[in-house]
Protein chains: 2
Amino acid sequence: MATEIVRVTVDTLAFAVHQGSLEVLLIKRKHEPFKACWSLPGGFLTQEDQSLEAAATRQLYEETNVSNVYLEQLYTFGDIGRDPRGRVITVAYLALLRQEELELKASSEASGVAWWPVNDLPNLAFDHAAIISYGYQRLKYKIEYTPAAFNLLCDKFTLRDLQTVYEAVLGRSIDNRNFRKKFLSSGVLKELDETSQEASFRPARLYCFSEDNFERLPDRPVFVF
Amino acid sequence: MATEIVRVTVDTLAFAVHQGSLEVLLIKRKHEPFKACWSLPGGFLTQEDQSLEAAATRQLYEETNVSNVYLEQLYTFGDIGRDPRGRVITVAYLALLRQEELELKASSEASGVAWWPVNDLPNLAFDHAAIISYGYQRLKYKIEYTPAAFNLLCDKFTLRDLQTVYEAVLGRSIDNRNFRKKFLSSGVLKELDETSQEASFRPARLYCFSEDNFERLPDRPVFVF
DNA sequence: GCAAAAGTGTTAAGGATACACCCATGA
DNA sequence: TCATGGGTGTATCCTTAACACTTTTGC
């Protein structure tokens, strides 16, 4: 019945959409256990961390050079035997980011940092495969019931960009007329006076997400397709 | 940057509906800190606990004599300063139970165990008021999007019992024709050949929840009213 | 004028909401 | 027969789903 000596890690599952593919940020471990295996970025909680979320922010930056990110707590994993070093409780965080804005950098803790397609992952350390699977489910849910998708896009985006994010996360294609109709009538988009200038075809109108409009809506819209 | 010495507690927020009122199970603390204050049942993780959920189960039984309960992880609280004894991470669990089946018993850890209406709580230890507030929101959500309500009812119940649970959790009244129509057509209820024999008026038909039917439904029903 | 992606409307079906009275029972 | 809660149906509105062609642009 003695109170157990426990160590706490905070690990982050970061998603981004790249060229229509939903990807996860992983690091290659430099040290035992699971040396040379891929794992989620993260590490032990320290005395300097004011909160669990602050610890996640710090470690994500140190290990992958990623900052300024949407973060939310995902789940806490604490079964006996999940870490060969002893009892380790892991508080997992979910991060959403815009891959285009990132410049990855391997840190001293990791010999490599890379994006991996969520449907084609390498072997993973600890129970990280289960954490990713759980977070992937959460993301699918969130994108349909919250404005989470906008965290996976730059500030200005086309309706096609937005639809690509939904299709990548949900893993299926969506009717573009119904998609546009629903979003345009939802009241969360602000139409800009700009267009994207991509190539030798019709330029697309740019939009941005209006947090203010969203907050003022009488009922939360649902983005189910 | 030193890895911090952390202690982990597991606390449980247990809900039940009693006479149309949504209530929370609290214990009166026997020791410092917050001696004589009300708090959620819970305590430190021990070496015997195989998992966080097992720890919650054990502590709930030891402190309140409650067993055989629906449990799910709620959230992990870890800000600096939330416990005067030092860094304490609390993994909070949500429990749903049938108040009629319970026999509460004060344990040696607590000088009292009691149900408190969620809308009329006493002063609470630590950040437990925030935990309850968060769990209350989660419960409101769960009852509309999962069959969680059946964990707050005995195996056999009337449609009125079921509606009472929804009204207690959501905090508003619901049109009974629409409520019955939706549940009867949802496919999750099994009609029994029994009626409740309550008093000098028409007895009500009894139903039970059919887990099997629920699992076989092509789409998850939604219990929004 | 061609290639490429942007942008647009209608119809049909199903689900949600609002609303008020009769029924069955025991005392 | 009365008091009490149990039990029922319909009309309207709104949301969803299915579906294909025209427009704009750069080359």
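Residues numbered from 1 in each chain as written. Chains lettered and ligands numbered in written order. Predicted model: local features only at pLDDT ≥ 70, side-chain atom pairs only at ≥ 80, totals over all residues.

Peer 1: I'd like a rundown of the overall build of chain A, residues and numbers included.
Peer 2: Scanning chain A from N- to C-terminus turns up five helices and nine strands. For chain A, the succession of helices and strands along the chain, N to C, is β-β-β-β-α-β-β-β-α-α-α-β-β-α. C-alpha extents for chain A along the principal axes are approximately 60 × 40 × 30 Å. Per-residue burial over chain A gives 33% buried out of 225 residues. Partitioning the intrachain contacts of chain A with sequence separation of at least 6 by distance along the chain shows that 66% fall at a separation of at least 24. (Helix = DSSP H or I, 4+ residues; strand = E, 2+ residues; numbered from the N terminus. Buried ≥ 20, exposed ≤ 12 C-beta atoms within 10 Å, placed from the backbone. Contact = placed C-beta atoms within 7 Å.)

Peer 1: Give me the lowdown on the relation of the copies chain B and chain A, citing residues and values where you can.
Peer 2: The transformation that overlays chain B on chain A combines an axial shift of 0.0 Å with a rotation of 180 degrees, and the residual RMSD is 0.0 Å. Taken together, the rotation and translation describe the operation of a two-fold axis. A shared interface surface links the copies, since 100% of the contact residues of chain B are contact residues in chain A too. (Least-squares fit on C-alpha atoms with pLDDT ≥ 70 in both.)

Peer 1: Please provide a residue-by-residue account of the protein's contact with DNA strand C, values included.
Peer 2: Near DNA strand C lie 21 residues; those nearest to it are Arg177(A), Phe201(A), Arg205(A), Ser200(B) and Arg202(B). Elements that contribute at least two residues to the surface near DNA strand C include exactly helix H3 (159–170) and helix H4 (176–186) of chain A together with helix H4 (176–186) of chain B. With four residues, the top contributor of residues to the surface near DNA strand C is H4(A). Partitioned by chemical class, the residues of the surface near DNA strand C number seven nonpolar, five polar and nine charged. (Near = placed C-beta within 6 Å. Nonpolar A, V, L, I, M, F, W, Y, C, P; charged D, E, K, R; others polar.)

Peer 1: Explain the protein's contact with DNA strand D to me, using residue names and the numbers behind them.
Peer 2: Lining the immediate environment of DNA strand D, one finds 21 residues, of which Ser200(A), Arg202(A), Arg160(B), Arg177(B) and Phe201(B) sit closest. At the level of elements, H4 of chain A together with helix H3 (159–170) and H4 of chain B are the ones that each hand at least two residues to the surface near DNA strand D. Tallied by class, the residues present in the surface near DNA strand D amount to seven nonpolar, five polar and nine charged.

Peer 1: Any details on the packing of helix H2 (residues 128–145) of chain A against H3(A)? Residues and values, ideally.
Peer 2: Angle between the axes and distance between the axes: these two values describe a pair of packed helices. Residues and elements named next belong to chain A. The contact between H2 and H3 brings their axes to 9 Å, and the two run at 145 degrees. The hand of the H2/H3 crossing is left-handed. Note on element contacts: H3 touches H2 through Tyr166, Val169 and Leu170, opposite Leu139, Lys140 and Ile143. A class-by-class count of the residues in the contact of H2 with H3 yields five nonpolar, no polar and one charged. (Axes fitted to C-alpha atoms, helices over the stretch in contact; angles between N-to-C directions. Left-handed = near helix turned anticlockwise from the far one by under 90°.)

Peer 1: Talk me through unusual backbone geometry; I want residue IDs and the actual numbers.
Peer 2: With the exception of glycine, most residues fall at negative phi, and the peptide bonds are largely trans. Residues and elements named next belong to chain A. Geometrically, the link from Glu32 to Pro33 is a cis peptide bond, its omega value of -10 degrees lying close to zero. Counting through the fold element by element, Pro33 comes out in the loop between strand S2 (21–29) and strand S3 (38–39). A positive phi is found at Phe34, a non-glycine position, where the angle reads about 65 degrees. Structurally, Phe34 is set in the loop between S2 and S3. Overall, Phe34 belongs to the partly exposed group, with 17 C-beta atoms counted inside 10 Å. Within the chain, Ala36 stands out as a residue other than glycine whose phi angle is a positive 75 degrees. By C-beta crowding, Ala36 is classed as exposed, having 12 other C-beta atoms within 10 Å.

Peer 1: Let's hear about the interface of chain B and chain A: which residues, and what values?
Peer 2: Contacts between the two partners involve 23 residues from chain B, matched on the other side by 23 residues from chain A. At the level of elements, strand S1 (7–18), strand S5 (70–77) and strand S6 (88–96) of chain B are the ones that each hand at least two residues to the side of chain B that touches chain A. For the side of chain B that touches chain A, the class distribution of residues is 11 nonpolar, eight polar and four charged.

Peer 1: Any details on the domain arrangement of chain A? Residues and values, ideally.
Peer 2: Much of the literature gives interface size as the accessible area that the parts lose upon coming together. All names here are of chain A. Under the domain assignment used here, chain A contains domain 1 (7–145) and domain 2 (152–216). One C-alpha centre belongs to domain 1, the other to domain 2, and the line joining them spans 28 Å. Domain 1 puts 12 residues into the contact, and the matching count from domain 2 is nine residues. Listing elements by their share of the side of domain 1 that touches domain 2, those giving two or more residues are strand S1 (7–18), S2 and H2. In the side of domain 1 that touches domain 2, the residues fall into six nonpolar, two polar and four charged. (Domains from an automatic or database assignment.)

Peer 1: Give me the nonpolar core: which residues, what numbers.
Peer 2: Within the largest apolar cluster, 108 residues are counted, with the highest numbers of intra-cluster contacts made by Leu13(A), Ala14(A), Leu13(B) and Ala14(B). Excluding residues that lie within four positions of it along the chain, Leu13(B) makes contacts with Val24(B), Leu40(B), Leu74(B), Ala92(B), Tyr93(B), Leu94(B), Ala95(B), Ile131(B), Ile132(B) and Gly135(B). (Core = buried A, V, L, I, M, F, W, Y, C linked by C-beta atoms within 7 Å.)

Peer 1: Explain the pairing of S1(B) to me, and be specific about the residues and the numbers.
Peer 2: All names here are of chain B. The buried fraction of S1 is high, at 10 of 12 residues. Relative to S6, S1 runs parallel, the two being bridged by nine bridges. Paired with Arg7 across the bridge in S6 is Val88. As paired elements, S1 and strand S4 (residues 42–44) share three bridges and run antiparallel to each other. Across the sheet, residue Asp11 finds its bridge partner in S4, namely Gly42. Across four bridges, S1 lies against strand S2 (residues 21–29) in antiparallel orientation. Along S2, the bridge assignment pairs Ala16 with Glu23. Counted between consecutive antiparallel strands, the loop separating S1 from S2 contains two residues, among which Gln19 sits at a positive phi close to 50 degrees. (Pairing = 2+ DSSP bridges.)

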